[in-house]
Amino acid sequence: MTAQQVTVAITGASGAPYAMRLIACLLEQQQQVHLLMSSAARVVFATELEWQLPANPKALAAALCEHFSVSAEQLKVYGKDEWFAPVASGSAAPKKMVVCPCSTGTLSAITHGASDTLIERAADVVIKERGQLILVPREMPLSAIHLENMLKLAQLGVTIMPAAPGFYHQPQSIADLVDFVVARILDHLKLTQQLQPRWGYGQEPK
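Trainee: Whenever I open this one, the packing of aromatic side chains confuses me. Can you help?
Mentor: Aromatic ring pairs are defined here through the distance separating the ring centres and the angle between the ring planes. Scanning all chains against the criterion turns up 2 aromatic pairs. Each ring, one from Tyr 168 and one from Phe 180, has its centre 5.7 Å from the other, and the planes form 75°; the classification is edge-to-face. Here Phe 180 lies in helix α7 (residues 174-188) and Tyr 168 lies in the loop between β6 (159-160) and α7, a separation of 12 residues in the sequence.

Trainee: Got a minute to help me understand the state of the cysteines in this structure?
Mentor: A covalent bond between the sulfur atoms of two cysteines is referred to as a disulfide. For the structure shown, the criterion picks out 0 disulfides. Its sulfur unpaired, Cys 25 is 11 Å from the next cysteine sulfur, which belongs to Cys 100. Judged by its relative accessible area of 4%, Cys 25 falls in the buried class. The closest cysteine sulfur to the non-disulfide-bonded Cys 102 is located on Cys 100, 9.4 Å from its own sulfur. Classification of Cys 102 by relative accessible area gives buried; the value is 1%.

What counts and what doesn't
- Residues numbered from 1 in each chain as written.
- Predicted model: local features only at pLDDT ≥ 70, side-chain atom pairs only at ≥ 80, totals over all residues.
- Heavy atoms only, no water.
- Phe/Tyr/Trp six-rings, centres within 6.5 Å; stacked < 30°, edge-to-face > 60°.
- Helix = DSSP H or I, 4+ residues; strand = E, 2+ residues; numbered from the N terminus.
- Disulfide = S-S within 2.5 Å.
- Buried < 20%, exposed > 50% of the residue type's maximum accessible area, 1.4 Å probe, protein only.

Next comes the structure, spelled out in structure tokens:
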């Protein structure tokens, strides 16, 4: 099993551009991406990116591999019920996982160890194996239920990283805002990134 593996799960929250940019950056760094996508995520992709993605995992893998110009070995796609996928077992799953964007429904399921879908099971595996799990929720306002779920996961070592871009770098486009969030994710994965300068580096007040 290669050490350069990351599981990326895409759920039904708003934020498809974050997911696409994150996957592109991971693939550019020769990470092997294990991709999981919910049915609701495909609806979001159609709405936000006007991209109708196939439901069949093999067709989805083919479409994404063509889009990113990578091999099926570098970008592996699994269906929600593929229980024999490596991500379903602590003996084979990547030790790093990002759910981007993360719906509050997925957040709740992960908090309570539901494991009813492969996304939920993969997150459960990363937690129990004491790996690195990053959740990127995109919701507002947050209810007490959402906050309690986030607190419980944070106490277990999960990183809660809301899709909340900053503006101190004076973004000029939506792409700049997307890059801000993706850069922070890459930082936490301990991967190099040149999407955004870190605070205090390469920035002078005007």
